[in-house]
Amino acid sequence: MKKKNIVSVIIGAVIIIIFAMLLFAFQVRYAQVAVVTTFDKPVRNIDQPGLYFKWPWPIQRVYKFDGRIQNIQDKFNETITRDNNDLILTIYAGWKISNPSTFYPKFAGSVPRATEILQGMLRNAKNAVVSSNTLSAFVNPDPRQLRFDEMEQKIQDSVQAQLSTNDYGIQLVFLGFKKIELPQSVTQSVFDRMKGERQVIISSEQNEGAKQATIIKSTADRIATETIANANATAAQIMGKGYAQAATVLPIFEKDPALANYLLRLDALQQALGQKTTLIFDERTPPFDLFTSIPTNAPHAAPAQ
Amino acid sequence: MNGHDHHDHDHEHEHEHEHEKPETQDAGSQALAEALGSSFTIVKIVMGLMVAGFIISCFFKVGPQEKAVILRFGKPVGQGEKALLGAGLHMRLPYPIDEIVRIPVAQIQQVTSDNGWYFTTPEQELSGEELPAGPDLNPQIDGFLLTSDTNIIHARATLAYHVADPLDYTFDFADASNAVLNVLDNALLYTAATFSADDALINARAQFQDAVQERATALLEEENLGVVVDYCTVDSIPPRQLTDIFNQVTIAREKRSETINQAVSYANQTTNNAIATAAGIINLAQSTEFNYVTNLVASANQFKDILPYYKQDPSLYIQQTFVSMVGGALTNVEDKWYLPQRADGKPRELRLLLNREPPGTNAAGF
């Protein structure tokens, strides 16, 4: 009987604790922020997760919000740059609730309402920054001339300043361009220009090809001529060396120039009388002079074939 | 205390009374008692199951592709890396004290930016039945990018990444993958603004892709999204309205390459021929020079050897060597003609037909 009473007491106590916790305690989850209101007046900011206590409703109420960074994208609108170019820009941003006790009363705790207000601020700041820059700040072959980061920072600073001034309890964490486009009517003229540029490129490619081919061929011809000319020069040098070397031998022949002359001519004649040669002699050429110098009964012989 | 004793006594007394007078209990009471007994048994079983379920719910499993964080009263248990539970079986306290948040980390995630792509649907792309291009682009529905030379191109980028810091990725961003997509949109936009249309489409496609990845990586780090980029692919094409003219440019470029290649081929052939000819000239010169010098030296040596014999009787020597040479030469000569002296002592007239006149030519040779 005692045991049963103890169990009943424990169960009763647990139930009471649970009810008490439901009435007096609340959890703020990681990545959440909360504001505690007393008779609808914000009295406490909570930006750290954990278990907290409050007076029960209707004295105090807790409003919890997502404390994480929310994505936002502004609406599509046309803006004119300083040099009168129409651009259609869209930007994205990341924002979060930095102060729930000011955020809650300003927007009645409504994130969509805050998003709407932010979109308006972003649009105004974007238009102001774009209209103070030229088109070359958005598109430029030189990355140093591009003002992307600078313009994004200016828009962010401008919006953040407004948020702080109005004490909206919102922090703009980052911001960037998402889309940069041209109006529909302009795209047609851009296409016409691009077609013209392509025609120039086609013509240029054709001429450039012919030009380069001519240069390559003429260069090759020149190199070939030079190579052969150099080879001829080298050959002449080689022959010159040969003649110079021969000159050292010539004094030997000076001992009897007649014999030397005879031997050289004999050698040349011997080389000249090779295969497939037709020789025509008369009887004065040795040894055919024997035909006339030796006595015979037939004074004139028939020509030998 | 006395009251309790009294109560216990009464209870025992009742039991005794039941044992003593079982016949007095009516059938209804007995049925009620049995029904209550059965209900208590069911309640006991249900409670037992609840206790078992309660105990079992204190254990949970974390898969190999994920990390888990225990939120105790909303606050992570542990700090930084220590708060992340890896694969395996873990314990927790029952809800609402503890809450488990699972975060996919190992698996590669992808976002695709089609802000710079014309209006189409995946179904149309797959079936190849895209709507024909109009004369212009409508920014409300068609995406495109402006290049540094103020031209228009279409480009679509896909960024693959994995979560490196699950706490940042999950608890700092309401929609982290959308934040990554915004970064990719910006990177594509920025990179296109620094590349010319020709570079982005033809000349430097790889550099364009690298630049998109570089910008996206830098922005992701700047915004502390807690992700690591695995790779980035970019597909860029000219506007469909200009497909024909871009094709013509491609053909012109190919023709240019072909013309240049032919010229290079000619140049290689010409220079190689020249090099070969030059080598021939030099080799010929070297061999001629060698032969000349060698023969001359040989002749000089021969001269030195012959000179003593020649001095003894020059005329006889000349006669002997000349006749010997002619004799030797005659053995090699193909035709030998002997023309005897005319009887009247006048020289013979010898006419040689060296070459026939080609047929069909006139006197002038044409």
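Now for a description of the structure that goes with this document. (Residues numbered from 1 in each chain as written. Chains lettered and ligands numbered in written order. Predicted model: local features only at pLDDT ≥ 70, side-chain atom pairs only at ≥ 80, totals over all residues.)

A few points about the overall build of chain A
Reasoning step 1: For chain A, the helix and strand inventory stands at 8 helices and 10 strands.
Reasoning step 2: Looking at chain A as a whole, 25% of its 305 residues are labelled buried.
Reasoning step 3: Excluding contacts between residues fewer than 6 apart, the proportion of contacts in chain A whose partners are at least 24 apart in sequence is 69%. (Helix = DSSP H or I, 4+ residues; strand = E, 2+ residues; numbered from the N terminus. Buried ≥ 20, exposed ≤ 12 C-beta atoms within 10 Å, placed from the backbone. Contact = placed C-beta atoms within 7 Å.)

Section: unusual backbone geometry
Reasoning step 1: In this model, A:W57 is joined to A:P58 through a cis peptide bond whose omega is 10°.
Reasoning step 2: Within the secondary structure, A:P58 is located in the loop between β4 (50-53) and β5 (60-66).
Reasoning step 3: B:P96 follows B:Y95 through a cis peptide bond whose omega is 10°.
Reasoning step 4: Here B:P96 is to be found in the loop between β4 (88-91) and β5 (98-104).
Reasoning step 5: Although it is not a glycine, A:A108 adopts a positive phi angle of roughly 55°.
Reasoning step 6: By the element assignment, A:A108 lies in the loop between α2 (100-107) and α3 (111-131).
Reasoning step 7: For A:A108, a count of 10 C-beta atoms within 10 Å puts it in the exposed group.
Reasoning step 8: The backbone of A:D167 shows a phi angle near 55°, a positive value even though the residue is not glycine.
Reasoning step 9: If you trace the backbone, A:D167 turns up in the loop between α4 (148-165) and β9 (170-181).

Points about helix α2 (residues 27-56) of chain B
Reasoning step 1: When the terminal C-alpha atoms of α2(B) are compared, their 43 Å separation across 30 residues agrees well with the 44 Å that a helix rising 1.5 Å per residue should span.
Reasoning step 2: A small share of α2(B) lies buried, amounting to 0 of its 30 residues. (Expected span 1.5 Å × (residues − 1).)

As for the sheet that holds β5(A)
Residues and elements named next belong to chain A.
Reasoning step 1: Pairing is antiparallel in the open sheet, where 3 strands are placed in the order β3-β2-β5. The sheet is open, and its two edges are formed by β3 (41-46) and β5, each paired on a single side. Sheet twist, expressed as the average angle between the axes of neighbouring strands with direction ignored, equals 25°.
Reasoning step 2: One ladder, built from 5 bridges, connects strand β2 (residues 32-38) with β3; its direction is antiparallel. Each bridged residue has a counterpart across the sheet, and for V36 the counterpart in β3 is R44. (Pairing = 2+ DSSP bridges. Axes fitted to C-alpha atoms, helices over the stretch in contact; angles between N-to-C directions.)

Concerning the packing of α3(A) against α4(A)
Residue and element names in this part refer to chain A.
Reasoning step 1: Here α3 crosses α4 at 135°, and the two axes come no closer than 9 Å. It follows from the interaxial angle that α3 and α4 lie oblique. For α3 against α4, the interelement crossing comes out right-handed. Note on element contacts: α4 touches α3 through M151, K154, I155, S158, V159 and Q162, opposite M121, L122, A125, K126, A128 and V129.
Reasoning step 2: Split into classes, the residues belonging to the contact of α3 with α4 amount to 8 nonpolar, 2 polar and 2 charged. (Parallel < 35°, antiparallel > 145°, perpendicular 65-115°, else oblique. Left-handed = near helix turned anticlockwise from the far one by under 90°. Nonpolar A, V, L, I, M, F, W, Y, C, P; charged D, E, K, R; others polar.)

Section: the sheet that holds β5(B)
Residues and elements named next belong to chain B.
Reasoning step 1: Spatial ordering of the open sheet is given by β3-β2-β5, a layout of 3 strands whose pairing is antiparallel. In this open sheet, the two edge strands, each paired with only one partner strand, are β3 (75-76) and β5.
Reasoning step 2: As defined by bridge partners, strand β2 (residues 66-72) adjoins β3 across 2 bridges and the pair is classed as antiparallel. Bridge pairing in β3 links R72 to K75.

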